[in-house]
Amino acid sequence: MLSPPDFLRHIANKVLTPNTLDPKRLDEVRKLLGEAENKYNFSAYGGNPKKLADYLLSPDFTELVFIIGIDLTKKLLEEIINDYDIEEVKSTAKKLLDEIDGYKEIENSDALLYNKNRF
């Protein structure tokens, strides 16, 4: 079996780039991700990649979502689902992706109702 990708180097750095985030937010995101890697020890280099699931379920990941936004978060989760063979990590990413899609649908239907009622 191939060793799992390294989340920071192979996934986050591919999705979170100067093309997708402004420099100030990108710096903040890189700092947060570096701290998260130390705290959760999910690095493929000497850490335990399974622990990425713990990070995804943590308030630290929620904080990241607020900074990078829904679209980039979805891209990040999709990359994890595609690139990881670790079931625990894949299923956690899928669960979060489903939740985000659920929230988006709720948001959209609320917005439609609100606009319908206004006119």
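The paragraphs below set out a description of the structure included in this document. Owing to the predicted nature of the structure, the values given are computational and were not obtained by experimental measurement.

About the thresholds
Residues numbered from 1 in each chain as written. Predicted model: local features only at pLDDT ≥ 70, side-chain atom pairs only at ≥ 80, totals over all residues. Heavy atoms only, no water. Core = buried A, V, L, I, M, F, W, Y, C linked by side-chain atoms within 4.5 Å. Buried < 20%, exposed > 50% of the residue type's maximum accessible area, 1.4 Å probe, protein only. Helix = DSSP H or I, 4+ residues; strand = E, 2+ residues; numbered from the N terminus. Contact = heavy atoms within 4.5 Å. Polar contact = N/O pair within 3.5 Å; in protein donor to acceptor, adjacent residues only side chain to side chain. Phe/Tyr/Trp six-rings, centres within 6.5 Å; stacked < 30°, edge-to-face > 60°. Salt bridge = Lys/Arg side-chain N within 4 Å of Asp/Glu carboxyl O. Expected span 1.5 Å × (residues − 1). Arc of directions from axis to C-beta. Axes fitted to C-alpha atoms, helices over the stretch in contact; angles between N-to-C directions. Parallel < 35°, antiparallel > 145°, perpendicular 65-115°, else oblique. Left-handed = near helix turned anticlockwise from the far one by under 90°. Nonpolar A, V, L, I, M, F, W, Y, C, P; charged D, E, K, R; others polar.

Grouped together as the largest cluster of nonpolar side chains are 35 residues, with contacts concentrated most on Phe-7, Leu-16, Tyr-55, Leu-76 and Ile-80. Secondary structure elements with two or more residues in this core: helix 1 (7-15), helix 2 (23-40), helix 3 (52-56), helix 4 (59-83) and helix 5 (87-118). In terms of residues, this core owes the most to one element, helix 4, which gives 10 residues. Once residues within four sequence positions are removed from consideration, Ile-80 is found in contact with Phe-7, Ile-11, Leu-52, Leu-56, Val-89 and Ala-93.

Relative to the assigned elements, Thr-20 resides in the loop between helix 1 and helix 2. Beyond its immediate stretch of four places on either side in the chain, Thr-20 contacts Val-15 and Leu-72. Among the polar contacts listed, one links the side chain of Thr-20 to the backbone oxygen of Val-15, at a separation of 2.9 Å.

With that out of the way, let us pick up the packing of aromatic side chains. For the structure on display, the rule yields 5 aromatic pairs. An angle of 50 degrees between the planes, with centres 5.5 Å apart, marks the rings of Tyr-40 and Tyr-55 as tilted. Of this pair, Tyr-40 sits in helix 2 while Tyr-55 is found in helix 3, placing the two residues 15 residues apart along the sequence. Among the aromatic side chains, those forming a connected cluster through ring pairs are Phe-7, Tyr-40, Phe-42, Tyr-55 and Phe-61.

This brings us to the pattern of salt bridges. Between side chains of opposite charge, a pair can form as their charged atoms come close. A full pass over the atoms with the stated rule returns 8 salt bridges. Of the charged contacts in the structure, one is a salt bridge between Asp-6 and Arg-9, with a shortest N-O distance of 2.4 Å. On the accessibility criterion, Arg-9 (39% relative accessible area) is partly exposed. Connected through salt bridges with shared partners, the residues Asp-6, Arg-9 and Glu-37 form a single ionic network.

An ideal rise of 1.5 Å per residue puts 26 Å on 18 residues; helix 2 measures up with 25 Å between its terminal C-alpha atoms. Restricting attention to buried positions, one finds in helix 2 the residues Leu-26, Val-29, Leu-32, Leu-33, Ala-36, Glu-37 and Tyr-40. Mapping the buried residues of helix 2 onto a view down its axis gives an arc of 140 degrees, with all of them on the same face. Seen from the open side of helix 2, the exposed residues pointing more than 90 degrees away from its buried face are Pro-23, Lys-24, Asp-27, Lys-31, Asn-38 and Lys-39. Residues of helix 2 that are buried in the fold lie against helix 1, helix 3 and helix 4. Once helix 2 finishes, Asn-41 follows within two positions and takes phi at roughly 55 degrees, a positive value.

Another point: the packing of helix 1 against helix 2. At a minimum axis separation of 12 Å, helix 1 and helix 2 run at an interaxial angle of 155 degrees. With respect to their mutual orientation, helix 1 and helix 2 come out roughly antiparallel. The handedness of the crossing between helix 1 and helix 2 is right-handed. In this structure, helix 1 contributes Phe-7, Leu-8, Arg-9, Ala-12 and Asn-13 to the contact, and helix 2 contributes Arg-30, Leu-33, Gly-34 and Glu-37. Partitioning the contact of helix 1 with helix 2 into residue classes produces 4 nonpolar, 2 polar and 3 charged.

No statement about biological role is implied by the geometric values presented.
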